[in-house]
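Observations on the three-dimensional arrangement
One-letter residues, chain by chain:
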Amino acid sequence: MENQQGLVASRRFLTAMAVCFIALPVLVILIPGIHQESPISDVLGRLYKLHPVGEGAAYNNSNAHHLVDDPQPVGQGVALNESNAHNLSDEQPGGQGVAHSNSNAHHPVDDPHPVGQGVALNESNAHLVDDPHAVGQGVALNESNAHNLSDVPHPVGQGVAHNDSNEHNLSDDGLFAPGFDEKSCLSRFQHRLYRKSERKPSAYLLSKLRSYEHLHRRCGLYTDPYNRTLTVIRSGEDVDDTTTGSITACKYLIWHPVNGLGNRMISLASTFLYALLTDRVLLADLTQDMADLFCEPFLGSPWILPLEFPLRNLARNGKLRFAHSAGKALKNSTLKVTPPDSPAKAPPFLFINLYQGKYADEPSSFYCDESQSFLRRVPCLSLLSDQYFVPSLFLIKSFKKEAIRLFPEKEAVYHHLVHYLMLPSNQAWELITRFYEANLAKADERIGLQVRVFEEQFIPILTDKILTCLQNQTHLPKIDNKKPKLSSSSSSPRNQTPTTTTTAVLITSLYPQFYQNLSTMYSNKQTVSGEVIKFYQPSHEGKQRFEDGEHNMKALVEIYLLSMCEKLVISADSTFGYAAQGLGANRAWILLRPGYGFRDSCVRDLSVEPCFQWPPPSRNCIGDRNNSGSSRHDDVTENVAYLKHCEDWKSGVKLVDVHEEL
């Protein structure tokens, strides 16, 4: 018995010693944390050796659960080096603020799988390692600070941890329907952190978007109405009023891309507005070179045209386009008045060609009410355009009242449509935010410069025009040649005083000469105002490439970066510049093309809306014909207060805001 009692006591002593041995390190960690009044999540974080959420981001009870459930939560700024740069997986989706470390930031070419899916950096941004505030210094959000996001114009770090309290604060005043998963499209919740828009969508637009989303779900891909419409299209037989209400209760609008990304974005926005006005389901023929650019805009219902869709190649086949041309149908006997007792017939599908004002193939009568009355009966319309044809939609009598209700602010049409429909994918958003944080975030002011070169022999003249415009209109300070040059060390960010003002000039161009000339001009030289001027160019492709996904990805990144600048200079006649200006709702200065006799280097644009460069010369509408029966050629801007001729394309028209009752 005594031996058993001794054995039990010995076991108890050993157990107690083991507990003390285990508990001692815990106490060593806990006691200093408690003494410093650290939140318990901080203590637990150090105990389990978890990564902190961003630099200097305070822990609190609202986000403590993220620390245990997610070993690398959004916004942790995980540094990459050569050993892990290629290990990005689904656990680290694009846009989570992944920062390069000094060991590999200057070796983008050597990395076989660089972050950003192979979009190469060039010499203009190789100095990213010098920026102490690289992407990834994410600020954790909680209930106490989520409502302040809209007041922070340029936050440091893009990795923003999200919880339910943020969803409505980042929803663009109701532009987006609730229920989206943030991880599926980070830009939907984060883009307002980089530039806050003063343009507010109308209540009627929000209601219309919610109704459209319901229509898109009800009639979307592979639903019963969609499958029945496919049957009608494949049959090739005409439909009449007795069948359109039953067999084809849903109607569709197919958008086909053409030309560069700027053309595609403005024409896609126009086509979506046409879908809203005609209650059609929009399906976008996003070819391989656009497949990775945008998020899905409609919750729970895809919008990309399937590869097997029977009309997918219609826009690529000239014979088929002509055979099924809406222009042809609008001209011939299809529009003749049918007997009162006969149902009105319409083909199962038609092709609409609005490419660069090809009104010989597609008459301007497309913009007439009588034409739209006929087109409403067609189950599926396939549309090709590279133009922003929105202004002419505002002129169609049956659309005008609805369009004005949707957009009482005429200069906000493209701005709202592009933000709703064309949000950057996570892959694109990571590239956008990484470049912004590394190069633009710390500047006191950002100037965007978009240069389109139409004739290479004018590059030297264009460089002079750019400099004159920047100095006279955007207040870029001139160089003070009387002051001594700065050494490379004194111009480094580490040696600048807290009062030094820095201006970042973002240059987007296919050519490197403008960056090279301007950066050399200002390099290590003092300005008359004492400001430090820095120039950045994300890429210089040399020529525009079509059917190239990487090229389009770079273009999208640069359009969004331009839209984040406070001041903007764009090239005349360039849809790329139009797309950036409207996206940021920032009225730009337009660089006038050399060789056309312009005296000024640049002029201020009338509005932020894109220019409709090829409006119909005359609509040839029945209601617009004069007594002789011929079509009118009146200047539409003389009769419509909210339409003006474009500054850079005098035959074009654009929407402008007017401050009077229309």
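Residues numbered from 1 in each chain as written. Predicted model: local features only at pLDDT ≥ 70, side-chain atom pairs only at ≥ 80, totals over all residues. Heavy atoms only, no water.

**Side note on the side chain of Thr-503**
Mapped onto the elements of the fold, Thr-503 is located in strand β10 (residues 502–509). Residue classification places Thr-503 among the buried positions, given a relative accessible area of 1%. If near-sequence neighbours (up to four positions away) are discounted, Thr-503 is found in contact with Glu-445, Ile-447, Leu-476, Glu-531, Val-532, Ile-533 and Lys-534. (Helix = DSSP H or I, 4+ residues; strand = E, 2+ residues; numbered from the N terminus. Buried < 20%, exposed > 50% of the residue type's maximum accessible area, 1.4 Å probe, protein only. Contact = heavy atoms within 4.5 Å.)

**With respect to the nonpolar core**
Judged by nonpolar contacts, the single largest core of 130 residues is most densely connected at Phe-272, Leu-273 and Tyr-274. Ranked by residue count, the leading element in this core is helix α8 (residues 261–278), at 11 residues. Discounting chain neighbours no more than four positions away, the residues touching Tyr-274 are Leu-253, Phe-366, Gln-372, Leu-375, Leu-381, Leu-383, Phe-389, Leu-393 and Phe-399. (Core = buried A, V, L, I, M, F, W, Y, C linked by side-chain atoms within 4.5 Å.)

**Some details on the state of the cysteines**
What the rule picks out here adds up to 4 disulfides. Between Cys-469 and Cys-602 runs a disulfide, and the two sulfur atoms are separated by 2.1 Å. On the sign convention where negative is left-handed, the bridge of Cys-469 and Cys-602, at about 95 degrees about the S-S bond, is right-handed. Here Cys-469 is found in helix α16 (residues 459–473), whereas its partner Cys-602 is found in strand β14 (residues 602–604), with 133 residues between them in sequence. Here Cys-469 matches Cys-602 in class, with each residue buried. Between Cys-611 and Cys-646 runs a disulfide, and the two sulfur atoms are separated by 2.0 Å. Torsion about the S-S bond of the Cys-611 and Cys-646 cystine: about 100 degrees, corresponding to right-handed handedness. Of this pair, Cys-611 sits in the loop between β14 and β15 (643–645) while Cys-646 sits in the loop between β15 and β16 (653–655), and the two are 35 residues apart along the sequence. Each member of the pair Cys-611 and Cys-646 is classed as buried. (Disulfide = S-S within 2.5 Å.)

**Some words on the sheet that holds β10**
Ordered in space as β11-β10-β9-β12-β13-β14, the 6 strands form an open sheet in which the pairing is mixed. Of all strands in the sheet, those with a lone pairing partner are β11 (532–536) and β14, marking the two edges. Taken pair by pair, the neighbouring strands of this sheet meet at an average axis angle of 20 degrees, ignoring direction. Where strand β9 (residues 445–451) lies against β10, 7 bridges are found, and the strand directions are parallel. Each residue of the ladder has a partner; that of Arg-446, found in β10, is Ala-504. On top of the sheet, helix α17 (residues 513–522) reaches β9, β10 and β11; it is set at about 160 degrees to β11, its chief contact. (Pairing = 2+ DSSP bridges. Axes fitted to C-alpha atoms, helices over the stretch in contact; angles between N-to-C directions.)

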